[in-house]
Amino acid sequence: MIFGVATLVSYVSRFITLEPADLITTGTPPGVGLGHKPQPMYLKPGDTMRLGSRKLGEQRQKLVAWRRPIAADVRLAVFRFCARFATGLQWRL
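Residues numbered from 1 in each chain as written. Predicted model: local features only at pLDDT ≥ 70, side-chain atom pairs only at ≥ 80, totals over all residues. Heavy atoms only, no water.

Colleague: I would appreciate a short explanation of the overall build of the protein chain in the present structure.
Modeller: For the protein chain, the count of helices and strands is two helices and two strands. When its helices and strands are written in sequence order, the protein chain yields α-β-β-α. Counting over 93 residues, the protein chain shows a buried share of 3%. Intrachain contacts of the protein chain at a sequence separation of at least 6 include 7% that bridge at least 24 residues. On the protein chain, roughly 9200 Å² of surface is accessible, and the fraction owed to carbon and sulfur atoms is 61%. (Helix = DSSP H or I, 4+ residues; strand = E, 2+ residues; numbered from the N terminus. Buried < 20%, exposed > 50% of the residue type's maximum accessible area, 1.4 Å probe, protein only. Contact = heavy atoms within 4.5 Å. Areas by Shrake-Rupley, 256 points an atom, 1.4 Å probe, with all protein chains shown as cover.)

Colleague: How should I be thinking about the layout of surface pockets in this particular structure?
Modeller: Which parts of space are left empty comes out when a probe the size of a water molecule is rolled across the atoms. In this model, the largest pocket occupies a volume close to 410 Å³. Forming the walls of the largest pocket are 15 residues, and the residues nearest its centre are Thr-28, Val-32, Leu-43, Met-49 and Arg-50. Counting only elements with at least two residues in the lining of the largest pocket, the list comes to β1 (48-53) and β2 (57-62). Sorting elements by how many residues they give to the lining of the largest pocket places β1 first, with three residues. Here the lining of the largest pocket is composed, by residue class, of six nonpolar, seven polar and two charged. (1 Å grid on protein atoms, 1.4 Å probe; cavity = no way out; pocket = protein on both sides within 12 Å on 5 of 7 lines; lining within 4 Å. Points joined across faces, edges and corners; volume = space filled by probe spheres on them. Nonpolar A, V, L, I, M, F, W, Y, C, P; charged D, E, K, R; others polar.)

Colleague: How should a nonpolar patch on the surface be read in this particular structure?
Modeller: A surface patch of nonpolar side chains, amounting to about 230 Å² of accessible area, comprises Val-5, Val-9 and Ile-24. A residue is classified by how much of its surface remains accessible, and Ile-24, at 35% relative accessible area, is partly exposed. (Patch = residues over 30% accessible without salt bridge, like charges linked within 9 Å, V, L, I, M, F, W, Y side chains within 5 Å. Salt bridge = Lys/Arg side-chain N within 4 Å of Asp/Glu carboxyl O.)

Colleague: It is not clear to me how the pairing of β2 should be interpreted in this structure. Could you clarify?
Modeller: Side-chain positions along a regular strand alternate between the two faces of the sheet. Here β1 runs beside β2; their pairing, made up of six bridges, is antiparallel. By the bridge assignment for β2, Ser-53 is matched with Gly-57. The turn linking β1 back onto β2 is made up of three residues. (Pairing = 2+ DSSP bridges.)

Colleague: Before we go on, may I ask you to explain unusual backbone geometry in this structure?
Modeller: Comment: phi is negative for the bulk of residues other than glycine, and the bulk of peptide bonds are trans. Even without glycine at this site, Ala-21 takes up a positive phi of about 80 degrees. Overall, Ala-21 belongs to the exposed group, its relative accessible area being 66%.

Colleague: So what exactly am I meant to see when it comes to the side chain of Asp-47 here?
Modeller: Secondary-structure assignment places Asp-47 in the loop between α1 (5-13) and β1. In terms of polar contacts, Asp-47 uses its side chain to reach the backbone amide nitrogen of Lys-44, at 2.9 Å. Residues contacting Asp-47, with those up to four places away along its chain left out, are Tyr-42, Gln-61, Lys-62 and Leu-63. (Polar contact = N/O pair within 3.5 Å; in protein donor to acceptor, adjacent residues only side chain to side chain.)

Colleague: Got a minute to help me understand the environment of Pro-45 in this structure?
Modeller: Within the secondary structure, Pro-45 sits in the loop between α1 and β1. As a C-alpha pair, Pro-45 and Lys-62 span 17 residues in sequence and 7.7 Å in three-dimensional space.

What follows is the structure in structure tokens.
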């Protein structure tokens with residue numbers, strides 16, 4: 001970690017009040033995999049990332065390859081958004 005736990009808690013506490021059971025999650029800066037010895041190690045599709053706490057449990061995310069959305073995917077997403085938005089307007093009127 002670049003900053004220690006005490007530094008992170010102190011910094012975050014400037015902006016919000018931390019309550020019991022609050023979590024401060026951090027990311028990994030770019031290039032960390034490059035520092036692995038004897039050879040670099042990078043995340044790849046199929047890898048699973050895990051984040052856990054003894055009392056809270058564990059969450060997992062499986063990495064998938066990024067793919068550029070095709071025009072049909074974008075049109076469908078826009079259609080769904082507009083349909084939900086329009087339904088919400090009708091319901092409110």
